[in-house]
Amino acid sequence: MTHRGNLPRGAATIALCFITALLEGLDLQSTGIAAPGIGAEFKLAPAMMGWVFSVGLVGLLPGAFVGGWLADRIGRKRVLVGAVLLFGVFSFATAHAWDFDSLLAARVFTGLGLGAALPLLIALTSEAADPAMRSTAVSLTYCGVPLGGAIASVIGMIKFETGWRTIFYVGGLVPIAVALVLVVLLTESASFRHQAASHAPADRRLGALFAGSALGSTLLLWVACFFTLTVLYMLLNWLPSLLIGQGYTRPQAGVVQILFNLGGATGSVLSGRLVDRDRAGLAVAIAYAGMLLALAGLGLSGSFGLTMAAGFAAGYCAVGAQAVLYARAPALYGTPIRATGVGASISIGRLGAIAGPLVAGQVLAIGAGAAGVMLSAAPGLVIASLCAWKLSRRADPEAARAAQALGTH
C-alpha cells in the first residue's frame, strides 16, 4: 500500500520538474534564437555577441552552486520556486532592454535563476524516482531542456510584431505562472524531510565532496562536465548564426536548431536507459564519438540534408553525454550533500559553458568560419570522453551503501 501511495506523488514531482526543465531550455536558448535580431538592433560585432551569450552563463555558475547549497539546508521546493520566479522576472526584463549594458544586466540575473533551478530538478527527480529507474527519470527530466529549446526555435521562426522580444515575453510570463503552480502542487523531497527530521549528524561541508572515494568521482565529473558543456553551449548559442553564415536561410537554420533539440531529447532519454541497464560505458562511447563526427558534419557539409542529419546527431550526442553525467551525479553523494554535489558539478560545467561561446566568437573574429569553430571543440571532447568513460567504470557508491546496509541486518 505504501508503494502505491507514493507512486502518484513521485510521478507528479517528476512531471513538474520536467515542465520546469522545458522552461529552462526555452530560456537557455532564447538568446541564441534572438541573436540575429539583437545583433542588428544594437549593432553588435560577433565578439560582442559572444559576451551577450556568455554573460548570461556567468549567472549560471554561482546560481547552480548557491542553489544546491541552499537546497541542502532549507529544502528543495523553496529554492526551486524562488529560482523559477527569478529567471521568469528577468527574462521578461530582457525584452525591455534599451541598450547593451541593460541587456547584459538582465541576462546575468536570468542566469542566476536558471543556474539555481537545474541542480534542484535533478536532485528532486532522483529522490522521487524508483531506484531501478532513477537514471531514466533524471534523463527524462533533463530532456525537457532540449525540448524547451525546440519550442524556442519554433517561436523564433514565427514573425511577431514584437520581433526578437517575443521569446523573452514567453520565457518570462510562463515561468512566473509555473512558479505559482509549484507552490501549490510540488511536494518536498521525502529524502530531505527524513534527513531534516533525523537527529543523526550530517556532513554538509563542501569538503565532503572530496572525502575518501568521492574525491576521484568528483574530479572526473567536474572535468567531464566542463568540456562537455563547452561544446554544448557553443552549439546552443552559435548554431543559428553559424548556419546563416554558411549561406542557409533563417528558416533553414531554425529547422536544424529544432532537429538539434529533438536529437537532444532523444539522446537524453536513451542514454539514461542505457545507464539504468548498466551500459553507461556504451552510452559514453556513442555520445562522444558521435559528437566528433557530428561536429565535422556541421562544419564541412555542403548539403542541407546532411546538415540536418548532423544537427540531429549533434543534439543527440551532446545532450546525451551531459545526461549521462547528470544521471550519475546524484548517486555519487548522500542526501545531506546531494544538491550541493550536483550543483557544484553544474557550476564547474558552467565555466565551460561560459568559455564555449567566447571561444567561438574569437574563432569567428579571426575568420576561421564554422569549420574552425567545430575543430576547436575536438581536443576538449577527447578529454571529456576519457573522464566520462572512467566515471562510468567506477562502482556506484549508492548501490554499495545500500548493499552494506543490507549486510548489517
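Procedures and definitions
- Residues numbered from 1 in each chain as written.
- Predicted model: local features only at pLDDT ≥ 70, side-chain atom pairs only at ≥ 80, totals over all residues.
- Heavy atoms only, no water.
- Helix = DSSP H or I, 4+ residues; strand = E, 2+ residues; numbered from the N terminus.
- Rg over C-alpha atoms; globule rule 2.2 N^0.38 Å.
- Contact = heavy atoms within 4.5 Å.
- Areas by Shrake-Rupley, 256 points an atom, 1.4 Å probe, with all protein chains shown as cover.
- Axes fitted to C-alpha atoms, helices over the stretch in contact; angles between N-to-C directions.
- Parallel < 35°, antiparallel > 145°, perpendicular 65-115°, else oblique.
- Nonpolar A, V, L, I, M, F, W, Y, C, P; charged D, E, K, R; others polar.
- Buried < 20%, exposed > 50% of the residue type's maximum accessible area, 1.4 Å probe, protein only.
- Disulfide = S-S within 2.5 Å.
- Core = buried A, V, L, I, M, F, W, Y, C linked by side-chain atoms within 4.5 Å.
- Phe/Tyr/Trp six-rings, centres within 6.5 Å; stacked < 30°, edge-to-face > 60°.
- Salt bridge = Lys/Arg side-chain N within 4 Å of Asp/Glu carboxyl O.

J.: Is there a simple way to think about the overall build of the protein chain in this case?
T.: When helices and strands are counted, the protein chain shows 16 helices and zero strands. Here the C-alpha radius of gyration of the protein chain, 20 Å, is about what a compact globule of 409 residues would show, namely 22 Å. The principal-axis extent of the C-alpha atoms belonging to the protein chain is close to 65 × 40 × 35 Å. Partitioning the contacts of the protein chain with sequence separation of at least 6, the portion at a separation of at least 24 is 86%. Of the roughly 16100 Å² of accessible surface on the protein chain, a fraction of 71% belongs to carbon and sulfur atoms.

J.: Where do I start with the packing of helix 5 (residues 134-142) against helix 6 (residues 144-157) in this structure?
T.: In a packed pair of helices, the relevant descriptors are the angle between the two axes and the axis-to-axis distance. At their nearest, the axes of helix 5 and helix 6 sit 4 Å apart, and the two run at 20 degrees to each other. Here helix 5 is positioned roughly parallel relative to helix 6, judged by the angle of their axes. Taken together, the residues of helix 6 that come into contact with helix 5 (itself represented by Leu140, Thr141 and Tyr142) are Gly144, Val145 and Pro146. Here the residues of the contact of helix 5 with helix 6 are counted per class, giving four nonpolar, two polar and no charged.

J.: Can you help me understand unusual backbone geometry in this one?
T.: Both trends apply: most residues other than glycine have a negative phi, and most peptide bonds are in trans. A positive phi angle is found at aspartate 278, which is not glycine, with a value near 60 degrees. Note on placement: aspartate 278 falls in the loop between helix 10 (250-276) and helix 11 (280-300). For aspartate 278, a relative accessible area of 71% puts it in the exposed group.

J.: I keep staring at the packing of helix 11 against helix 15 (residues 378-393) and nothing clicks. Help me out?
T.: Packing of helix 11 against helix 15 brings their axes to within 9 Å, and their N-to-C directions diverge by 175 degrees. Of the possible angle classes, the one that applies to helix 11 and helix 15 is roughly antiparallel. Of the residues in helix 15, those touching helix 11 at Ala280, Gly281, Val284, Tyr288, Met291, Leu292 and Leu295 are Ala378, Leu381, Ala384, Ser385, Ala388, Trp389 and Ser392. Classifying every residue of the contact of helix 11 with helix 15 gives 11 nonpolar, three polar and no charged.

J.: Explain the state of the cysteines to me, please; I cannot follow it from the model alone.
T.: In protein structure, a disulfide is the covalent linkage between the sulfur atoms of two cysteines. The tally for this structure, following the rule as stated, stands at zero disulfides. Unpaired in terms of disulfides, cysteine 317 finds its nearest cysteine sulfur in cysteine 143, a separation of 16 Å.

J.: I keep staring at the nonpolar core and nothing clicks. Help me out?
T.: Grouped burial of nonpolar side chains is what soluble globular proteins tend to show. By size, the foremost hydrophobic cluster in this structure holds 116 residues, and its most contacted members are Ile38, Leu80, Leu232 and Tyr288. Looking at which element gives the most residues to this core, the answer is helix 9 (residues 214-245), with 16 residues. If sequence neighbours within four positions are ignored, leucine 232 has contacts with Tyr142, Phe260, Ala318 and Val319.

J.: How should the packing of aromatic side chains be read in this particular structure?
T.: The way to describe two aromatic rings as a pair is by their centre distance and the angle between their planes. Scanning the model with the defined rule gives eight aromatic pairs in all. Centroid distance phenylalanine 210 to tryptophan 222: 5.5 Å. Interplanar angle 90 degrees. Geometry classified as edge-to-face. A residue pair is termed long-range when its members are at least 10 positions apart, and phenylalanine 210 in the loop between helix 8 (190-197) and helix 9 and tryptophan 222 in helix 9 qualify at 12 residues. You can call tryptophan 222 buried: its relative accessible area is 17%.

J.: Just to check I follow, could you spell out the side chain of glutamine 322 for this structure?
T.: You can see glutamine 322 is positioned in helix 12 (residues 304-328). When neighbours within four sequence positions are excluded, glutamine 322 is seen to be in contact with Tyr142, Cys225, Thr228 and Leu229.

J.: Is there a simple way to think about the pattern of salt bridges in this case?
T.: Two side chains carrying opposite charge are able to pair once their charged atoms lie near each other. Considering all chains together, one arrives at seven salt bridges under this definition. With its nearest N and O atoms 2.7 Å apart, the salt bridge here joins aspartate 72 to arginine 76. Using a relative accessible area of 1% as the deciding quantity, one classes aspartate 72 as buried. With relative accessibility at 0%, the residue arginine 76 sits in the buried group. A salt bridge links arginine 76 to glutamate 127; the nearest nitrogen and oxygen atoms lie 2.6 Å apart. Taken together, the residues span a long stretch of sequence, with arginine 76 in helix 3 (residues 76-94) and glutamate 127 in helix 4 (residues 100-128) at a distance of 51 residues. The burial state of arginine 76 is the same as that of glutamate 127; both residues are buried.

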